[in-house]
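The residues making up each chain are set out below.
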Amino acid sequence: MSVSVRVPTILRPYTQGVSEVSAEGATLTEVLDSLDASYPGIKSRVLDESGELRRFVNVYVNDDDVRFADGLQTAIKDGGQVSIIPAVAGGC
């Protein structure tokens, strides 16, 4: 199953500057594995050492935050879209 993955600016060095790439998989875990096979090292920027989503990285599948779905086991339909979005924090 082919899905498109939106890559944030900070991770584009892994994708040779490309902002949207294709990956394969029926779950977020499978898509991240596919992405890492094509763009080595990118998965370790999304997942922490324990294999969970990094605290300051948000991942959406078709506009739904995976933290409120099934996390890494969130299903992705063929033609779906994954967006990796770094959290932004700030204040006064």
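In short, a report on the structure. Per chain, the residues get numbers from 1 upward, laid out in the order the sequence is written. Local features in this predicted model are restricted to residues of pLDDT 70 or higher, and side-chain atom pairs are both shown and tallied only at a pLDDT of 80 or more, whereas totals for entire chains, interfaces and linings draw on every residue. The side-chain quantities take in all heavy atoms of the structure and omit both hydrogens and water.

Moving on to the environment of A26. Here A26 lies in the loop between β2 (20-24) and α1 (28-38). For A26 and V82, which are 56 residues apart along the polypeptide, the C-alpha to C-alpha distance reads 12 Å. Ignoring anything within four residues of it in the chain, the contact list for A26 reads M1, T74, A75 and I76. Helix numbers and strand numbers start at the N terminus; a helix is a DSSP run of H or I with at least 4 residues, a strand a run of E with at least 2. Working rule for contacts: check all heavy atoms of both residues, and any pair within 4.5 Å makes them a contact.

Here the focus is α1. Those residues of α1 not exposed but buried are L28, V31, L32, S34 and L35. Taken end-on, α1 shows its buried residues confined to a sector of 160°, consistent with a single buried face. Those residues of α1 that are buried lie in contact with β1 (2-6), β2, α2 (43-46), β3 (57-61) and β5 (81-86). The rule is simple: take the accessible area with a 1.4 Å probe, protein chains only, and divide by the maximum for that residue type; under 20% is buried, over 50% is exposed, in between is partly exposed. Summarising the geometry, the arc corresponds to the directions from the helix axis toward the C-beta atoms.

Nonpolar cores were defined as sets of buried Ala, Val, Leu, Ile, Met, Phe, Trp, Tyr and Cys residues, with membership established by side-chain atoms within 4.5 Å. In this structure, V5, L28, L35, V46, V59 and V82 are the most contacted members of the largest nonpolar core, which totals 23 residues. Looking at this core, the elements with two or more residues in it are β1, β2, α1, β3 and β5. Looking at this core, the element that brings in the most residues is α1, giving 4 residues. Apart from the residues lying within four places of it in its own chain, the contact partners of V5 are S19, E20, V21, A23, V31, L35, V82 and I84.

Attention shifts here to the sheet that holds strand β4 (residues 64-65). Here, a strand pair is defined by DSSP locating no fewer than two bridges between the strands. The strand order across the open sheet formed by 5 strands is β2-β1-β5-β3-β4, and the pairing between neighbours is mixed. Of all strands in the sheet, those bounded by a partner on one side alone are β2 and β4. Here 5 bridges tie β3 to β5, and the two strands are oriented antiparallel to one another. What sits directly across from Y60, in β5, is S83. Comment: axis = line fitted to C-alpha atoms, over the contacting stretch for helices; angle = value between 0 and 180 degrees taken between N-to-C directions. Of the strands in this sheet, β1, β2, β3 and β5 are in contact with α1, which crosses β2 at around 115°.

Only one rule defines a salt bridge in this text: a Lys or Arg side-chain nitrogen within 4 Å of an Asp or Glu carboxyl oxygen. Tallied over the entire structure, the rule returns 2 salt bridges. K43 is the salt-bridge partner of D33, the closest N and O atoms lying 2.3 Å from each other. With D33 in helix α1 and K43 in helix α2, this pair connects stretches of sequence that are 10 residues apart.

Relative to the elements of secondary structure, T15 occurs in the loop between β1 and β2. Here T15 is in contact with V7, V21, Y39 and I42, once residues within four sequence places are set aside.

Phi is positive for N62, which is not a glycine, with a value near 50°. With respect to the secondary-structure elements, N62 resides in the loop between β3 and β4. The exposure class of N62 is partly exposed, given its relative accessible area of 40%. With phi around 70°, D63 is a residue other than glycine that occupies positive phi space. With respect to the element layout, D63 can be found in the loop between β3 and β4.

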